[in-house]
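Here is how the chains run, residue by residue.
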Amino acid sequence: MAKTTIGLLLLMVSVALHAAPLPDSSISYTIELRLDSATRDLDGKETIVWRNTLDKVVDSIPMHLYLNAFSNRGSSWFQKTLGERFQESTILKRFDDPWGWTEPDSIRQDGVELEWQPVAPDDGNHLDRSLIEVALNEPVAPGETVTLDVDWSGRLPAAAARTGGYDRFFFIAQWFPKIAGVRPEGNFNRHQFFGPTEFFANFADYDVTIAIPEGWGIAATGKGELLRTEDGYDWHRYQQKAVIDFALATGADMENVATTHELATGGQVDIHIFQPKGYEHQIDRWTDATARSLDTMSTRVLPYPYETVTVVLPPRAGSRAIGMEYPTLFTGGPGCEIWDYRETRDTRVNEGVIAHELVHQYFNAFVATNDFEDAFMDEGMTEYWAAEIMSENWGEDSGNGFLLDRAISVNSSSMVARPAKANYPAVWSGPSFLVRGYSIGRQFYDRPAMTFQTAARLFGQDVMDNVFAAYAERWQFNHPRVEDFWAIADEVAGPEVAAMLRELWEYRELFYFLAWRNVKVRYKQSVLGIAWAVLVPFLTMIVFTLLFGKLANIPTDGVPGPVFYFSALLPWTYFQQTVSTSGMSL
């Protein structure tokens, strides 16, 4: 009770204050970019000032070239993600040349040309060039800074996932050479780009000048201004302090409409709606959804710290970019007439998308977890708080609106309504980028969100609000791990709440104990004992040897047939029987 009272006081104090001043960053990017809309080509140069926050001398720096994930069919992203999530065959049929890439033309330190090479620490794929290692001319001691000048060229992919475009609309994300983030553990986050997760970076200050075709609309991270028009290009400048990334959208038929919103906690935020022309009547609706989401998060978690937030509603041609989050800018659903149809106009599907992506401005934009490794933290927290926004503003029973006059509950699309059809690993069972598509939704979204919802019902909604408010206050503009969240829960709400939330991690041990218990019970009173587990595949091996070796004459590459079949059957039979029956041992 005492800890809960202290937590409530912390929440009241955080709500009473306006957003704190933005902190200083250890990195700055000054970038100049020109987009050729006809070819999708990018021409860029940037100056990076990086301060060594490690406790050791750095003689090389890893750098992400994310667009190279789209450069060929052999990239790790293409092999492990495109076919599963983004319909490879559809994209290749639709576009004759969908490929995108980034290539540094020159990297210099104090005028000295530096050497670099692609590295693949995660899977050893020599065809993957999404991560490079840059050898420095002069090492950088702890606390010192290095300035890198990078000239680069690139090309956006056809709109496939998160970034790209063609013709008259482009969503440009993860587009520039970017230094890998420094992890809380004190080393670089050297990871290639895999699709099941997103990104991790340290906070930086951005000053970006962008040339787009004359007359096109634009929206980007931070606050912007039109500098000049020359040679058929409009040059815009956008600046933003203390963010983990920079993204932009531009299009020939797009407009940017801004409304100043007074936060419930005090202060102002400029809400920008960037959508196709012709749907001006929808702007108030999306602005209202954004304002409601801002107020819920600002009053119950922490005041929104930035001066702007931009909602991009892509045209149909950019539909592959919907539902993506970047600092002060995110994409909602498509900007089109679908929201005017009688069958869909009373739903709040797009309000739900806006709520979800707005929450990402907290988790992971300024409470910046490592999405490569702990994707369930920001996605699970976001899924939970998006439901809270919808319930608070429109009611839990009909928060998602109405379809054919039938109310759609906020939780109707959650894990509650989806019976399990497969065994899933623990939520925290290793780096998130290794999770395959079969369980991404359950692992990163549903299960963590349901755990938070259950804790709120068991211990009280104010207790969970308390935990999240203290967590955001403590770890804003920093990089927490899951252990840090548990520590906040224990400190603010007590050990019972912390233990409940910790089960997300501890569940991974349950499978082992259930499996071993099942083995012991099954063979304890058997005459043959555990040897029965060997005898079953042994007899099966004889059948396989006769069937495939003698009758079908299937080659075994020089390995004796019985050995070939038995080496696979023994572990497979054990694993199959254990997994299929371990759940019943509860």
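Right above here is the structure, for reference.
Owing to the predicted nature of the structure, the values given are computational and were not obtained by experimental measurement.

Visitor: Is there a simple way to explain the pairing of strand β1 (residues 27-36) in this structure?
Guide: Regular strands show a simple pattern: their side chains alternate between the two faces of the sheet. Residues of β1 alternate between two faces, with Ile27, Tyr29, Ile31, Leu33 and Leu35 buried on one and Ser28, Thr30, Glu32, Arg34 and Asp36 left unburied on the opposite face. As defined by bridge partners, β1 adjoins strand β12 (residues 204-213) across eight bridges and the pair is classed as parallel. Directly across from glutamate 32, in β12, lies its bridge partner threonine 209. In this antiparallel pair of consecutive strands, β1 and strand β2 (residues 41-51), the connection spans four residues, and arginine 40 shows a positive phi of 70°.

Visitor: Please clarify how empty space enclosed by the protein should be interpreted in this entry.
Guide: Regions of empty space are outlined by a rolling probe, equal in size to a water molecule, passed over the atoms. For the structure shown, the criterion picks out six cavities of 30 Å³ or more. Reported here for the largest cavity is a volume of approximately 140 Å³. What lines the largest cavity is a set of 15 residues, among which Ile244, Asp245, Glu325, Tyr326 and Asn364 lie closest to the centre. Among the secondary structure elements, those contributing two or more residues to the lining of the largest cavity are β20 (325-326) and α6 (361-366). If you tally residues by element for the lining of the largest cavity, the top one is α6, at three residues. Grouping the amino acids of the lining of the largest cavity by side-chain chemistry returns seven nonpolar, four polar and four charged.

Visitor: Help me out: how do you make sense of the sheet that holds strand β11 (residues 178-179) in this one?
Guide: Whether parallel or antiparallel, the strands of a sheet pair through hydrogen bonds between backbone atoms. With antiparallel pairing, four strands are arranged side by side in an open sheet as β6-β7-β3-β11. The open sheet terminates on both sides in strands that have one partner only, identified here as β6 (115-118) and β11. As judged from the two bridges shared by strand β3 (residues 58-64) and β11, these two strands associate in the antiparallel manner. Looking at the pairing, methionine 63 lines up with isoleucine 179 of β11.

Visitor: Can you walk me through the environment of glutamine 239 in this structure?
Guide: Note that glutamine 239 resides in strand β15 (residues 233-243). Residue classification places glutamine 239 among the partly exposed positions, given a relative accessible area of 39%. In sequence terms glutamine 239 and alanine 220 are 19 residues apart; their C-alpha atoms lie 9.2 Å from each other. Filtering out sequence-adjacent residues up to four positions away, glutamine 239 remains in contact with Tyr206, Asp207, Thr221, Gly222 and Lys223. Among the polar contacts listed, one links the side chain of glutamine 239 to the side chain of aspartate 207, at a separation of 3.5 Å.

Thresholds applied
Residues numbered from 1 in each chain as written. Predicted model: local features only at pLDDT ≥ 70, side-chain atom pairs only at ≥ 80, totals over all residues. Heavy atoms only, no water. Buried < 20%, exposed > 50% of the residue type's maximum accessible area, 1.4 Å probe, protein only. Helix = DSSP H or I, 4+ residues; strand = E, 2+ residues; numbered from the N terminus. Pairing = 2+ DSSP bridges. 1 Å grid on protein atoms, 1.4 Å probe; cavity = no way out; pocket = protein on both sides within 12 Å on 5 of 7 lines; lining within 4 Å. Points joined across faces, edges and corners; volume = space filled by probe spheres on them. Nonpolar A, V, L, I, M, F, W, Y, C, P; charged D, E, K, R; others polar. Contact = heavy atoms within 4.5 Å. Polar contact = N/O pair within 3.5 Å; in protein donor to acceptor, adjacent residues only side chain to side chain.

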